[in-house]
Amino acid sequence: MSETKMVSLDEMDEQLIQKAEAEGVETMWDRKKAMKAPCGFGEKGVCCRICAMGPCRVSPVEGKGAQRGICGATADTIVARNLARMIAAGTSAHSDHARDIAHVMHMASRDGNYTIKDERKLLSLAEEWEVNTEGRDIYDVAHEVAEIALNEFGKPFGTLKFLERAPEPRKKIWRELDIEPRAIDREIATIMHSTHMGCTSDAESLLKIGMRTALADGWGGSMIGTVFSDILFGTPVPRETEANLGVLEEKQVNIILHGHEPSLSEMIVMAAQDPQIIKLAEEVGAEGINLAGMCCTGNEVTMRHGVKIAGNFFQQELAVLTGVIEAVIVDVQCIFPSLTPITDCYHTKFITTSPKAKITGATHIEFNEEKALESAKSIVREAIENFKNRKKEKVFIPQTKNQATLGYSVEAIIKQLDRVVNSNIDPQGTVKPLADVIKAGVLRGAAGIVGCNNPKVKHDYSHIEIMKKLIANDVIVVTTGCAAQAAAKAGLTSKDAAKLAGKGLQAVCELVDIPPVLHMGSCVDISRILTLVGETAKHMGVDNCDLPVVGVAPEWMSEKAVAIANYVIASGIDVFLGVEPPVMGSAAVVDMLTNKLEEMTGAKFFIDTDPHKLSAMMLDRIEEKRAKLEARLGKEIEYGITRAEEEEEGVKELA
Ligand code: SF4
Ligand code: SF4
């Protein structure tokens, strides 16, 4: 058991892994072990199989072994090309998600299943996109706005509309580097073209094309995904919930919502509240229906409805091992195909719903957006009917869960900040209080902690170690995706966690009434972080790259994470990686990523698999940026609040 002790931060996860061993059930950790050492060529990114003359694998060591593929491609080309294709795949995933949400908005109607929940946000977007709203029905406005968004995927001319939201100096950098994304699908197609055999071989050009495509994700697909989901399903506000597998209920029908798109999960939430559906659950002997979320769909429904969080990426198999899951309902992305064999060992139904993600052996019930609620009800009914098949002898619910406060959209954060605005002096509804405490040094900076789980890292360990270190050093943390769920499980998104923060952050948490780690949503909601950073930079009259702000993906694994990392860098924010990307086979590409990129974008990558070293590097970088910001703003920036600053009304309230 000593080996399984290594795989997770969570004792209860370990117990479930032991249960799997006892019951002869294979988990991802068994498969990881069976995989033995990974292929060194793949690990370093120096294998290429994009044409049938190959596969080719070249030596990562200069001057030793094969230096070029059959076509003559060097390690630099192959590494950069592979990286670019990862970006394209990640961008396509987020963007296809967004396209579906835009389609849903196009079909929204006053008496339909999908309605407009945040009219104010829709009207403000309509104004931003110059859509006439005067005297028009809100649904006509919604349909026109949706059509414009859908055109963002394939418009023939111009650049993406949301780029306008960035600070001016950032837009200038994009223009000068020629990396302003045009249409979202076009960038994905172009990258696939440029990385075809015999096209771009220049590594720097490939990295630039990669950044342009990634920007089409962050400032295109993901931003559309977030904004449109808020308009349709409501902009999140702070709310309470609980997280970890202890949220499962022995006497209720447990349904895991796993995947990404809120158009399905929102309807499941509605269906589970339907009196007839609840009655059906009672008829089969259950005390109710317990929805629990996993991965980003879990984040979407917890942000808007407080649906409990069952866990993150690595808990999808573990949840089934509890023996109390009646159904795992999935749509797209991050779904283990192993859910088929593992659910076969229990009574659990594994239900796929999207034609984009059919999984061998799963029960496929296609979700019909035209009849969304009916469709969702029939899926929930399947789960309820399955309650009677539960095998009592296999039930084990870990008794671990933590309270979490989440729902921190940008709007919600600004509303909290209004608590410390002296309304006689400053307007409400701005990021000024945040800018003030950063300038004053009460907060040393901010960090976005995002991304997945990866078996190369003890489950959640790096997420939590880094978060704790940063908040203890007065760096406020914003988080999304599976990192956010790790934080929620560890209790770091509760207001109580302020006691783990440094003095400055503690004071801010108390006065603004927030936890030190702010859960901002799903992976597409990293666009919320872009917005918050951009607004703060604009407020200070600087660029994103001038702020003491960093991004970190301690346990990343997916191509989506690669796209995210690249749009974050292109947006001027340093990215720290806790898992080595498959680029180490090219010294030139590594040098570009960890060094030269800074000359181009003002930000660069830092890579270290030790979370303690990584967090120390983050703190150093934050201080380095602070020193430059101080020089730039011509202000004295000291630790804590200086007497002079105490006299400034806005800051005084925080002192
Ligand atoms: S593109 Fe070149 S390096 Fe890649 S598989 Fe074909 S011949 Fe080999
Ligand atoms: S953080 Fe990673 S694992 Fe989790 S949902 Fe997002 S892409 Fe998937």
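Residues numbered from 1 in each chain as written. Chains lettered and ligands numbered in written order. Predicted model: local features only at pLDDT ≥ 70, side-chain atom pairs only at ≥ 80, totals over all residues. Heavy atoms only, no water.

**Q** What exactly am I supposed to notice about the UniProt feature "binding site: [4Fe-4S] cluster 1" (unreviewed entry) in the chain here?
**A** Within this numbering scheme, the UniProt entry marks Cys 39 and Cys 47 as carrying the feature "binding site: [4Fe-4S] cluster 1" (unreviewed entry). Mapped onto the fold, Cys 39 is located in the loop between α2 (28-34) and α3 (40-44). For Cys 39, a relative accessible area of 43% puts it in the partly exposed group. Aside from chain neighbours lying at most four places away, what touches Cys 47 is Phe 41, Gly 42, Cys 56, Arg 57, Ile 78 and Asn 82. (UniProt positions renumbered as here; feature names shortened; annotations may be inferred. Helix = DSSP H or I, 4+ residues; strand = E, 2+ residues; numbered from the N terminus. Buried < 20%, exposed > 50% of the residue type's maximum accessible area, 1.4 Å probe, protein only. Contact = heavy atoms within 4.5 Å.)

**Q** Can you help me understand the pattern of salt bridges in this one?
**A** In a structure, side chains of opposite charge can pair up when their charged atoms sit close to one another. Inspection of the entire model under this criterion finds 45 salt bridges. The closest approach of N and O atoms between Lys 172 and Glu 176, which form a salt bridge, is 3.2 Å. Of this pair, Lys 172 and Glu 176 both sit in helix α7 (residues 168-177), separated by 4 residues, roughly a single helical turn. Owing to a relative accessible area of 45%, Lys 172 belongs among the partly exposed residues under this scheme. Relative accessible area serves as the criterion here: at 59%, Glu 176 is assigned to the exposed category. (Salt bridge = Lys/Arg side-chain N within 4 Å of Asp/Glu carboxyl O.)

**Q** Any chance you could explain the pairing of strand β8 (residues 349-352) here in plain terms?
**A** Looking down a regular strand, the side chains alternate between one sheet face and the other. Of the strand pairs in this sheet, strand β7 (residues 325-330) and β8 are connected by 4 bridges, and their pairing is parallel. Counted as the bridge partner of Ala 327 is Lys 349 from β8. Tracing the backbone out of β7, into helix α14 (residues 339-344) and back to the parallel element β8 gives a crossover that is right-handed. Pairing of β8 with strand β9 (residues 363-364), which is carried by 2 bridges, proceeds in the parallel orientation. Each residue of the ladder has a partner; that of Ile 351, found in β9, is Thr 363. (Pairing = 2+ DSSP bridges. Right-handed = clockwise from strand over helix to strand, strands pointing away.)

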